Amino acid sequence: QTSPEPHAARWTPYLASLLLLAPLQLNFLYFQTGILLVWLFLLGMRLLPRRPLLAGVVWSLAISIKVIPAVLLPWMLWRRQWRCVLGTLLGLFVGNAAVLGYTGWNKGVQQYQGYVQMLRSDPVFAEYNERYQSLPSLIRATVTPHYESRIESTAQAKSWDGVRNFLGQTPLARHADALVLLAIGLVLAACAWACRPGRPSGPWRLLQEGSLITLAMLLVSPHTWRHYYWWLWPTVLCAVHAARTRRPWAIAIVAVVAATEFLPHRGLIGELAIWYQVFHGHTIGALVVFALLATHLIRNEPEPANTEPAQP
């Protein structure tokens, strides 16, 4: 570092981790790759300002492990980070060529086709359940005429029909698919406006934009399970760091994450935790965090000099 960080700044990652202790614990419990993927994302962000080609290669590894980080590619295209895009495509080409070289062309192609078929037949894209903490599931569960989830869980021991789907008997029920597409469109439009070309492209700005993109990934993907919310960590890291200078958007994000991720545990609030998950409290919290960060980026507020992290 060119200058030592303030003592408080050194505690930023630990506080961010504490606020997201629940999804962090789930990643360890179920041997998930989320921790590795978030680390690769942050490593790519670190490399992006000075070594964009290498940053793209790092992100190609994350995409090869799990497809959802592919959202970083259209962000880089929109941001006109051509060298990063080239690095991502080169990394994907080399990685997939290595796989095909090992398995053979026919077997490798069959594996890819099987993966595509699995995605097409996956019922999650039309399912609603408290396990799927994403925007599509939130909307479908609210407007469906009959709440009859096909996934068994502790929460489903109780009948939620007529309670969870409180808008199921309204005209909105006929337009569930359109409502989902509208909500996704609004999230993507907010990302496009906040990250549009011509905005500053310093490391701190890009880190906040990347955090917004990963938040959109969580909200839009119908496959967002509870442990996926570890992807909130970059956003919380930014917010905790900026909250030291009393930035309102950052303080609000820390408060929302504490209220929606850290506190709602069955050991603390008992049976209310089931209601919280069935009514997609985590999704609603992520939506609020997304709105706060997007508003901050759209307003393009100047950052105070002591907010930007020291650069190597």
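Provided above is the structure to which this section pertains.
Criteria and cut-off values
Residues numbered from 1 in each chain as written. Predicted model: local features only at pLDDT ≥ 70, side-chain atom pairs only at ≥ 80, totals over all residues. Heavy atoms only, no water. Helix = DSSP H or I, 4+ residues; strand = E, 2+ residues; numbered from the N terminus. Rg over C-alpha atoms; globule rule 2.2 N^0.38 Å. Buried < 20%, exposed > 50% of the residue type's maximum accessible area, 1.4 Å probe, protein only. Contact = heavy atoms within 4.5 Å. Areas by Shrake-Rupley, 256 points an atom, 1.4 Å probe, with all protein chains shown as cover. Lys, Arg positive; Asp, Glu negative; His and termini not counted. Charge placed at Lys NZ, Arg CZ, Asp CG, Glu CD. Salt bridge = Lys/Arg side-chain N within 4 Å of Asp/Glu carboxyl O. Patch = residues over 30% accessible without salt bridge, like charges linked within 9 Å, V, L, I, M, F, W, Y side chains within 5 Å. Core = buried A, V, L, I, M, F, W, Y, C linked by side-chain atoms within 4.5 Å. Polar contact = N/O pair within 3.5 Å; in protein donor to acceptor, adjacent residues only side chain to side chain.

### Notes on the overall build of the protein
- Summing up its helical and strand segments, the protein has 16 helices and zero strands in all.
- Compactness check: the protein gives a C-alpha radius of gyration of 20 Å against a globular reference of 20 Å for 312 residues, within 12% of the reference.
- Seen through its principal axes, the protein has C-alpha atoms that stretch 60 × 55 × 35 Å.
- Taken across its 312 residues, the protein has 47% of its residues classed as buried.
- Considering only intrachain contacts with a sequence separation of at least 6, the fraction spanning at least 24 residues in the protein is 71%.
- Of the roughly 15900 Å² of accessible surface on the protein, a fraction of 67% belongs to carbon and sulfur atoms.
- Counting 25 positive and 14 negative side-chain charges, the protein places the averaged centre of each group 11 Å from the other.

### Regarding the pattern of salt bridges
- Under the defined criterion, the tally for this structure stands at four salt bridges.
- Between arginine 140 and aspartate 177 there is a salt bridge whose closest N-O contact spans 2.8 Å. Highlighted residues: arginine 140 in helix H9 (residues 135-143) and aspartate 177 in helix H10 (residues 176-194), separated in sequence by 37 residues.
- Among the residues examined, aspartate 177 registers a relative accessible area of 49% and is labelled partly exposed.
- Taking the shortest distance from any N to any O, the salt bridge between glutamate 209 and arginine 205 comes out at 2.9 Å. Residue glutamate 209 and its partner arginine 205 are located together in helix H11 (residues 203-220), separated by four residues, close to a single helical turn.
- Arginine 205 gets classed as buried once you look at its relative accessible area, which sits at 9%.
- Salt bridges sharing partners connect three or more residues here, namely Arg79, Arg205 and Glu209.

### Digging into unusual backbone geometry
- In this model, arginine 80 sits at a positive phi of 60°, which is unusual for a non-glycine residue.
- Within the fold, arginine 80 resides in the loop between helix H6 (72-78) and helix H7 (82-103).
- Although it is not a glycine, histidine 280 sits at a positive phi angle of roughly 55°.
- Among the structural elements, histidine 280 can be located in the loop between helix H15 (272-278) and helix H16 (281-299).
- Its relative accessible area of 0% is what places histidine 280 among the buried residues.

### Some thoughts on a nonpolar patch on the surface
- A cluster of nonpolar side chains, namely Val67, Tyr115, Val116, Met118, Leu119 and Phe125, defines an oily patch on the protein surface of about 500 Å² accessible area.
- Following the sequence through the fold, tyrosine 115 ends up in helix H8 (residues 105-121).

### Considerations on the nonpolar core
- Counting residues in hydrophobic clusters, the biggest one holds 66 residues, and the most contacted among them are Trp59, Trp75, Leu212 and Phe290.
- Residue contributions to this core peak at ten residues, all from H11.
- When residues no more than four places from it in sequence are discounted, the contact partners of tryptophan 59 are Leu40, Phe41, Gly44, Met45, Leu48, Leu72, Trp75, Met76 and Cys84.
- By size, the runner-up hydrophobic cluster in this structure holds seven residues, among which are Tyr128, Trp160, Ile274 and Val278.

### Structural notes on the side chain of glutamate 209
- Overall, the relative accessible area of 0% leaves glutamate 209 in the buried class.
- In terms of polar contacts, glutamate 209 uses its side chain to reach the side chain of tryptophan 75, at 3.3 Å.
- Not counting residues within four places of it along the chain, the set of residues in contact with glutamate 209 comprises Trp75, Arg79, Ala194, Cys195, Arg199, Pro200 and Leu297.

### As for the environment of tyrosine 128
- Within the secondary structure, tyrosine 128 is located in the loop between H8 and H9.
- Classification of tyrosine 128 as buried rests on a relative accessible area of 10%.
- Taking the C-alpha atoms as reference points, tyrosine 128 and glutamate 148, separated by 20 residues in sequence, lie 8.7 Å from one another.
- Once you skip the residues sitting within four places of it in the chain, tyrosine 128 turns out to touch Ser137, Arg140, Ala141, Thr144, His146, Tyr147, Glu148 and Ser149.
- Within the local environment of tyrosine 128, its side chain forms a polar contact with the backbone oxygen of histidine 146, the two atoms lying 2.8 Å apart.

### Some details on the environment of glycine 185
- Following the sequence through the fold, glycine 185 ends up in helix H10.
- Given the relative accessible area of 34%, glycine 185 is considered partly exposed.

In short, shape yes, function no, at least from these values alone.
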